[in-house]
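# Geometric and topological summary
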Amino acid sequence: MPRRDVPDDLSVPGGPVTEILGVLLDNARVHGRGTVRPVVRDLDDALALDVTDEGEVPGTAARLFDRGDSGGGQGMGIGLDPVRDPAFAVGGRLSLTGSAPTTLTLLVPVSRAGTVDGTA
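Only a predicted model underlies this, so the values are computations on that prediction, with no experimental measurement involved.

## Some details on the pairing of strand β3 (residues 37-42)
Bridge analysis of β3 against strand β4 (residues 46-52) gives 6 bridges, and the strand direction is antiparallel. Along β4, the bridge assignment pairs Pro 38 with Val 51. Taking the residues between adjacent antiparallel strands as the criterion, β3 and β4 are bridged by 3 residues, where Asp 44 takes a positive phi near 70 degrees.

Below, the structure is given as structure tokens:
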């Protein structure tokens, strides 16, 4: 995954984040178009993990997170609802941040090495 100025002293919950990113990457590969590009951005108190493809999200963005909708509005698949709960469980948030091209962003709070509970 390309990194943009992400320090090496960050800690995130590996299991849930790996699961969520796996679903987002698979969703982009199966339901998106063109090149799938993951990017990590450091936002000081959180990491933004973006998964972008060259497709577009038709209709209402909120439908992506409904069970039975894979983004095409055709009621196929399980949608992205199953990965919202793991995102919330780690104190994060999953959202559609771009519809053309499609970009889904997972925000995850981080702990930094040498700090107590993530604060300086």
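So, next bit.
## Some details on helix α2 (residues 81-89)
Within α2, burial applies to Val 83, Pro 86 and Ala 87. Across the axial projection of α2, the buried residues extend over an arc of 105 degrees, all falling on one side. For α2, exposure combined with an orientation more than 90 degrees from the buried face picks out Asp 85 and Ala 89. Against the buried residues of α2 lie α1 (14-31), β5 (93-99) and β6 (102-109). Looking one or two residues beyond α2, the residue adopting positive phi is Gly 91, at roughly 80 degrees.

## With respect to the pattern of salt bridges
Counted by the stated rule, this structure contains 2 salt bridges. A salt bridge links Asp 26 to Arg 29; the nearest nitrogen and oxygen atoms lie 2.5 Å apart. In this pair, Asp 26 and Arg 29 are both assigned in helix α1, 3 residues apart and thus about one turn of the helix distant. Since its relative accessible area comes to 59%, Arg 29 is described here as exposed. Here Asp 50 and Arg 41 are joined by a salt bridge, their closest N and O atoms 2.6 Å apart. By relative accessible area, Asp 50 is classed as buried at 9%.

## Some details on the pairing of β5
Summarising the sheet, β5 and β6 pair through 6 bridges and their orientation is antiparallel. Paired with Ser 99 across the bridge in β6 is Thr 102. Counting the residues that bridge the hairpin from β5 to β6 gives 2 residues.

## Details of unusual backbone geometry
Cis peptide bonds are those with omega within 30 degrees of zero, and the linkage from Ala 100 to Pro 101 qualifies with 5 degrees. For Pro 101, the location among the structural elements is in the loop between β5 and β6. You will see that Asp 44, though not glycine, has its phi angle at about 70 degrees, which is positive. As for its placement among the helices and strands, Asp 44 is situated in the loop between β3 and β4.

About the thresholds
- Residues numbered from 1 in each chain as written.
- Predicted model: local features only at pLDDT ≥ 70, side-chain atom pairs only at ≥ 80, totals over all residues.
- Heavy atoms only, no water.
- Pairing = 2+ DSSP bridges.
- Helix = DSSP H or I, 4+ residues; strand = E, 2+ residues; numbered from the N terminus.
- Buried < 20%, exposed > 50% of the residue type's maximum accessible area, 1.4 Å probe, protein only.
- Arc of directions from axis to C-beta.
- Contact = heavy atoms within 4.5 Å.
- Salt bridge = Lys/Arg side-chain N within 4 Å of Asp/Glu carboxyl O.

Treat this as a map of the structure, not an account of what it does.
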